[in-house]
Amino acid sequence: MDREYTRRAVAAAVLGGVTGAATLSPAESYLDRFAPLSGPVWDRATGRAGGTVDSPYGEASVTYDEFGVPTIAADEELGGYFAIGYTQGTDRLFQMDLFRRQLRGELSAVVGEATLDSDRFHRRLNFRDAADATWERVQGTEAEAPVRAFVAGVNAAREREALPIEFGLLEYEPDPWTPEDTLLMEKQISWGLTGSFRTLRQATVADALDSDLFAELYPDRFDHDVPIIRDDIEGEVWGRAPEGDGVSPTNVDQADLATPLDPDAVARLSSFESPPGIGSNSWLVSGEFTESERPLLANDPHLTLTVPPVWYEQRHEFPTRTVHGVTFPGVPFVVIGRNQSGGWGITNTGADVIDFYSYEVDGERYRYDDEMRTFETREEEIAVADGPDETLTVRETVHGPMITREGESVAVSWTGMTGTATALAVYRMAKSEGRDDVLDAARDFDLPTQNLIYADRDGGTLYLATGRIPRRVVDGESVYGNRIFDGSIPEGEWEGFTPYGQSTWSGFVPFEEKPAVIDPDWIGTANQRVLDDPRHPIATQYSDPFRAIRLEERLRELTDGGDLTPEDMRELQRDTLDHRARLLVPEILEAATAEQGSFVEPLDAWDYQMAISSRGALVFDAVWRAYREELYAEAFSERGLEDEAYWPADWITATLPSEADWFEAIGRSRSSVLRAAISTARSRLEESGHTRYGDANVLDLGHPFQQEFLGYPAVPLGGASATVFNVRRDAPAGSSWRMVVPPAGVADGIVPGGNSGDYFDEHYHDQLQMWARGEYRSLVGATGSPDLRFRGERDD
Amino acid sequence: MTDRWTRHVRETTRLRRLATVGALIIGLSLGSLHWLGFLGGGVLVALPAATPSRGVLAGLGFGLLGAVWFLAGVALAGTLTAVLATGLPAVLAISTPILLGVVGGLGRTVY
């Protein structure tokens, strides 16, 4: 009997012990999340809700195609926008919430203290109030109702559909989506494109280098002759200075460049802007050069490559229009795409739309003109998961928020820190019926500064630099923004700009004086200098011109031949010729010693194509990387500039002549630096075992949540940061969407991954391999029975 | 200690099977609401068993059924490969009902 009792007692103890341990220990969290049938991590694994959805905005349907791209059909557009919100809320809700949290400075609340620095930065810049001001600007316009319908659709999906796996992993549920959140997405992408601390970096470098070296390594203008608006362009050109009245490339002395921030602080700030290599390609050719006698347009914006992709593809079929293209998750309107009348694309202009101000400071007061003002100060609580919350003190001046690092501060003005009407412009572009409509819509495209190209089916073409461009005046002269202005005098202020309010833009470059070409014959943009003789200062430094040079070369050849087809455009988007190699390979071959000869031998007959199977591309890539390190790593470190962000642009590296002062400064000849780079490259390749470029140039995209299974499969790629077929593998960036549009025919496109952000969806990365191979999908409507139907009467 | 009705169920094959099937259904229903349901389900399917050791086996069977039920559900939805590719989360999901079912099966030893 005792034995029986003992056995029962032991069994009861085990039963109770396991129950207690499971419910009262950290194991409970894992069981709550991962248990089968009830764990939220698996909610999406058993399928979507589908079926019929109640909509207060009227009937609509959603049909997904074989790549998970929704065709949204509706008799009334608000019903359609509700359905668009529903599809994005189903397919990309975690990504939307992540971006929202990042910009609001609320990441740490779910991620923990690892993201505290990000939260501090984003709260200081106060993107949230900027989005609130932008929603205020949009209200009362024709874009307000579509935004509201879209937001309602997102929230319907949020409530009705199972949440994506990431919410289960992080153990939280998203807050309701709001119109302000949609406009926060505009700020998010615009900051990535135009938020730059280059002025601070330049000032830091100027402090560390002799003036001759600084001028050599950081010229105000890259020496090339392929501006976007080339001298022989046909069409009506705007924004060019009257003869002899252009602004000089620069009007700042090195002595004027000084920053109160130390180099490490500036380098850390640089981590909050887009990684290097962010740029884009676009071009159009008019019907004069095409087989169809109608224009052709191509665009591939180069952005950070992410899981899921930064773009979401969608097709709207409304009675008055059919629009197909991509948008940013959280945004209802097609940003890049085509409609029944024409197609449009964008690349980054690189205009300088951010300025920095330093002040005479006395405690909590700063001098502004002839008075001492008190900083506007507020305290914010940053919630931190699994840690103590943090109180952050945020200060602002009349010019904008203060960025404080190690006790030193500058104020920032950025054109995105105010109410902007871009959402209205993009909405009107989708509704446009030709070039004139797009030109008119672009007047409201306040942010960001973009090279907009457009071609319509009637033959109309357009190039236009969008966005508000500030004018700074110092001592009565219009100047560039490549200096830190004295905010106490005050100097360089933007007239008509109200931080976190509504701006009149009265002192900005007038629309008709910004760069534009009406009816260009052909034009190519690759983030290079917009034009050689601008009427107003736009920017000093643009992107490296390697892609621009190759693009112009190929477009000249193609337009000389005539009878161009969409396949010619696709072929050009696949171009992997690296202009860096054309510049540097002869020097490498000349510098190599006899002993290094066999290693560099593949470069001898190489065609400069960064092809997957190429040995020459592998060798060049390795030598190039080593050459940069040999040139700058030690010398910059000795000058207190540890971060690679300070190194000169690749254009300077590739064109640095043997007699450059820099070689004297580092005590080495160019040949010896190249020989050292060759040796380093050879050692590295021997160690890695790589035999062809595709072995090294592998894109391995991870998910922001850093769970390995959520990442994409690694893919070998051709191309490089300097080629038209664009990829940068280190901080992954590249062609985030490739599109070719014949306005009167079927367009093609592809995203680097999949249209769905749902890990369990078959469309999570079903386009990745096609994208890597340079293939396309036809942008046509989905057929078959709708996957979702929206029923209900519209509430008026 | 065990009441007469329980003994009757355990000793009558038909009633035992009926009770086991009922317990399986209730157990799976509870398991789909909360992971503690697998523990409770293990107890329920074990109670009609003829002996304590069979009770533990019944709990194991119930746990395996829970795991298979989960895998069949995701397989039908076409996501089995993706679920297995999650690695540790999938191991946790599959092992949870099995372990809790076995522990629940000890309930027969107690009662």
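All values derive from a computational prediction rather than experimental measurement. (Residues numbered from 1 in each chain as written. Chains lettered and ligands numbered in written order. Predicted model: local features only at pLDDT ≥ 70, side-chain atom pairs only at ≥ 80, totals over all residues. Heavy atoms only, no water.)

## What about the environment of T204(A)?
All names here are of chain A. Its location among the elements puts T204 in helix α11 (residues 198-208). What makes T204 buried here is its relative accessible area of 3%. Placed 184 residues apart in sequence, T204 and G20 show a C-alpha to C-alpha distance of 59 Å. (Helix = DSSP H or I, 4+ residues; strand = E, 2+ residues; numbered from the N terminus. Buried < 20%, exposed > 50% of the residue type's maximum accessible area, 1.4 Å probe, protein only.)

## Side note on the pattern of salt bridges
Residue and element names in this part refer to chain A. One pass over the structure, following the stated rule, counts 67 salt bridges over all chains. In this structure, R668 and E630 form a salt bridge, with 3.0 Å as the shortest nitrogen-oxygen distance. Remark: E630 occurs in helix α20 (residues 615-638) and R668 occurs in the loop between α22 (661-666) and α23 (670-688); sequence separation between them is 38 residues. Residue E630 is classed as partly exposed on the basis of its relative accessible area, which comes to 24%. (Salt bridge = Lys/Arg side-chain N within 4 Å of Asp/Glu carboxyl O.)

## Things to note about the side chain of Q314(A)
Residues and elements named next belong to chain A. In this structure, Q314 sits in strand β7 (residues 312-318). A polar side-chain atom of Q314 sits 3.2 Å from a polar atom in the side chain of Q88. A distance of 3.0 Å separates a polar atom in the side chain of Q314 from the backbone oxygen of P332. (Polar contact = N/O pair within 3.5 Å; in protein donor to acceptor, adjacent residues only side chain to side chain.)

## Details of the interface of chain A and chain B
Counting from both sides, the interface comprises 26 residues of chain A and, opposite them, 36 residues of chain B. Across the interface of chain A and chain B, roughly 2,600 Å² is buried in total on both sides, 79% from carbon and sulfur atoms. Three residues stand out in chain A for area buried against chain B, namely R8(A), P36(A) and L37(A), and they jointly supply 25% of the buried area on that side. In this assembly, chain A and chain B are joined by zero salt bridges. Our count for the contact surface shared by chain A and chain B stands at three residue pairs in polar contact (both at pLDDT 80 or more). Mapped by element, the contributors of at least two residues to the side of chain A that touches chain B are α1 (2-24) and α2 (27-34) of chain A. Per-element tally for the side of chain A that touches chain B: the top contributor is α1(A), with ten residues. For the side of chain A that touches chain B, the class distribution of residues is 17 nonpolar, five polar and four charged. (Contact = heavy atoms within 4.5 Å. Buried area = accessible area lost by both parts, 1.4 Å probe. Nonpolar A, V, L, I, M, F, W, Y, C, P; charged D, E, K, R; others polar.)

## Examining the sheet that holds strand β3 (residues 70-73) of chain A
All names here are of chain A. The twelve strands are arranged β1-β33-β2-β3-β7-β8-β9-β10-β19-β20-β24-β4 in an open sheet whose pairing can be described as mixed. The strands lining the two open edges of the sheet, one partner per strand, are β1 (51-54) and β4 (236-238). Taken over all neighbouring pairs, the strand axes of this sheet differ in orientation by 15° on average, direction set aside. Of the strand pairs in this sheet, strand β2 (residues 60-64) and β3 are connected by four bridges, and their pairing is antiparallel. Bridge assignment links T63 to a residue of β3, and that residue is T71. (Pairing = 2+ DSSP bridges. Axes fitted to C-alpha atoms, helices over the stretch in contact; angles between N-to-C directions.)

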